[in-house]
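# Examination of the molecular architecture
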Amino acid sequence: MAATNATRPTGSPGRVARRRHGALGLLAWLCGVVFFLPVAWMVLTSLHGESDAATNPPSLGAPLTLHGYREFFGASTGVSPWPPLINSFSASLMSTLLVLVLSIPAAYALSIKPVRKWSDAMFFFLSTKMLPAVAGLLPIYLIAKNSGLLDNVALLIILYTSMNLPIAVWMMRSFLAEVPVEILEAASIDGAALPTVLARIVAPVVAPGIAATSLICFIFSWNELLFARVLTGVVAGTAPVFLTGFVTSQGLFLAKVCAAAVCISLPVLIAGFAAQDKLVQGLSLGAVK
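All of the points below concern the structure found in this document. These figures come from a predicted structure and were not determined experimentally.

## Here we look at the overall build of the protein chain
Counting secondary structure elements, the protein chain contains 15 helices and 2 strands. Here the protein chain holds 289 residues, and the buried ones make up 34% of them. Contacts in the protein chain between residues at least 24 apart in sequence constitute 76% of all its contacts with a sequence separation of at least 6. With an accessible surface of roughly 17,400 Å², the protein chain has 70% of that area assigned to carbon and sulfur atoms.

And the structure:
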């Protein structure tokens, strides 16, 4: 009898599973709070005056003001942030569209209709990301200078497209690999051409993957600073370049910099929030069989 009691389980499997799920949920919330704290601190600092933002330790109960945001929009300097924001939006949007146009057929050829030695092609795409960006900065600058493309948004579109294309091909291939072959065979029997198959059959099936890929490419393009800082000037300067202009020789004004960072981060935050269901669904596509 004593041996029977000693070997009896302390809890049902369902209760143990609920406890495990509860612990994992609590851990996920803690990780989310840890990652969200810097963003919340940046927003709070942007609503303080410069004297309150520079105190050490920071003052949480300081009066709130929109002075930093008024400075971002040129209240005292008259410098408008709209041209850099428009340049960033134009370069990011156009490069993302070009990446999708190029990556979807390439991923289709590497997954659904595999070409010969497709693994070598995938490795080639991956190898283009192994070179540090700063290593190719000087050759790209010389090419842009000789081509008359310096301080031009078109140059940024070309660069962002080439930078994001390998990532997009790898992502889209994993999404397209999940497309049922029977659907494509049925379309082929009906005589559908390749553009029709891609537009009316493949695209709706992998819509979450397309949304995830486009959002990631847009974010990478929006946040890019190195090439935009070196290859642009007054005309084609982007939002990250405009943000660095708030760090001057006079000092670092925390409230103004935080206000600028919040305003420049809003487009990608809004895009991510609007497409969060597609993003999660796309990134988890094929993870669970």
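## Notes on helix α8 (residues 153–176)
Of all the bends in α8, the largest measures some 40 degrees and sits at L165, one to four residues before the proline P166. In terms of residue burial, α8 counts as a mostly covered element, since 17 of its 24 residues are buried. The backbone nitrogen of A154 has a side-chain oxygen 2.9 Å away, supplied by the residue at the start of α8, namely N152.

## What about the packing of aromatic side chains?
With the rule as written, the count across this model stands at 8 aromatic pairs. A centroid spacing of 6.3 Å and a plane angle of 75 degrees characterise the contact between F89 and F218, whose relative ring orientation is edge-to-face. Here the residue F89 occupies a position in helix α5 (residues 82–111), and F218 occupies one in helix α11 (residues 207–223), the gap between them amounting to 129 residues. What makes F218 buried here is its relative accessible area of 11%. An aromatic cluster of at least three residues, connected via ring pairs, comprises F72, F73, W82, F242 and F246.

## A closer look at the packing of helix α2 (residues 13–46) against helix α14 (residues 254–274)
In the contact formed by α2 and α14, the axes pass within 7 Å of each other and the chain directions differ by 120 degrees. Regarding the angle of α2 to α14, the classification is oblique. When you trace α2 past α14, the crossing you get is left-handed. Packed against α2, whose contacting residues are M42, V43, T45 and S46, the element α14 presents L254, A255, C258, A259, A261 and V262 at the interface. For the contact of α2 with α14, the class distribution of residues is 8 nonpolar, 2 polar and no charged.

## A closer look at the nonpolar core
Ranked by size, the top nonpolar core spans 20 residues in total, and within it Y108, M172, L176, L184, V202 and V206 carry the most contacts. Excluding anything up to four places from it in sequence, L176 contacts I104, A107, Y108, S111, I112, V202 and V206. Of all hydrophobic cores here, the second largest spans 15 residues; its members include A239, F242, A259 and A260.

## A short note on a nonpolar patch on the surface
Among the surface-exposed residues, F89, L93, M94 and L97 lie close enough to one another that they form a single nonpolar patch of about 350 Å² accessible area. Its place among the elements puts L97 in helix α5. In this structure L97 comes out as partly exposed when scored by relative accessible area, which is 43%.

## So, the environment of F246
Following the sequence through the fold, F246 ends up in the loop between α13 (239–244) and β1 (247–248). Taking relative accessible area as the criterion, F246 reaches 10% and is therefore assigned buried.

## What about the environment of T65?
Tracing the backbone through its elements, the reader meets T65 in the loop between α3 (50–53) and α4 (67–72). A residue is classified by how much of its surface remains accessible, and T65, at 25% relative accessible area, is partly exposed. In this structure the C-alpha to C-alpha distance between T65 and H48, which are 17 residues apart in sequence, comes to 5.6 Å. Ignoring sequence-local partners within four residues, the contact set of T65 consists of S46, L47, H48, G49 and R70.

## What to know about the environment of A107
By the element assignment, A107 lies in helix α5. Judged by its relative accessible area of 0%, A107 falls in the buried class. Separated by 68 residues in sequence, A107 and F175 have C-alpha atoms that sit 8.9 Å apart. Contacts of A107, omitting those with residues within four sequence positions, involve I112, V169, M172, R173 and L176.

## Brief notes about the side chain of T232
Along the chain, T232 falls in the loop between α12 (226–231) and α13. Residues within four places of T232 in sequence aside, it is in contact with D151, L156, F227, G237 and V241.

## Examining the packing of α5 against helix α10 (residues 194–205)
The contact between α5 and α10 brings their axes to 12 Å, and the two run at 100 degrees. Relative to α10, α5 is oriented roughly perpendicular. Contacts between α5 and α10 pair I104, P105 and Y108 from the former with L194, V197, L198 and V202 from the latter. Counted by class, the contact of α5 with α10 contains 7 nonpolar, no polar and no charged residues.

## What about unusual backbone geometry?
A positive phi is found at D151, a non-glycine position, where the angle reads about 55 degrees. By secondary structure assignment, the location of D151 is in the loop between α7 (137–147) and α8.

What counts and how
Residues numbered from 1 in each chain as written. Predicted model: local features only at pLDDT ≥ 70, side-chain atom pairs only at ≥ 80, totals over all residues. Heavy atoms only, no water. Helix = DSSP H or I, 4+ residues; strand = E, 2+ residues; numbered from the N terminus. Buried < 20%, exposed > 50% of the residue type's maximum accessible area, 1.4 Å probe, protein only. Contact = heavy atoms within 4.5 Å. Areas by Shrake-Rupley, 256 points an atom, 1.4 Å probe, with all protein chains shown as cover. Bend = angle between axes of the 7 residues up to and from the residue. Polar contact = N/O pair within 3.5 Å; in protein donor to acceptor, adjacent residues only side chain to side chain. Phe/Tyr/Trp six-rings, centres within 6.5 Å; stacked < 30°, edge-to-face > 60°. Axes fitted to C-alpha atoms, helices over the stretch in contact; angles between N-to-C directions. Parallel < 35°, antiparallel > 145°, perpendicular 65-115°, else oblique. Left-handed = near helix turned anticlockwise from the far one by under 90°. Nonpolar A, V, L, I, M, F, W, Y, C, P; charged D, E, K, R; others polar. Core = buried A, V, L, I, M, F, W, Y, C linked by side-chain atoms within 4.5 Å. Patch = residues over 30% accessible without salt bridge, like charges linked within 9 Å, V, L, I, M, F, W, Y side chains within 5 Å. Salt bridge = Lys/Arg side-chain N within 4 Å of Asp/Glu carboxyl O.

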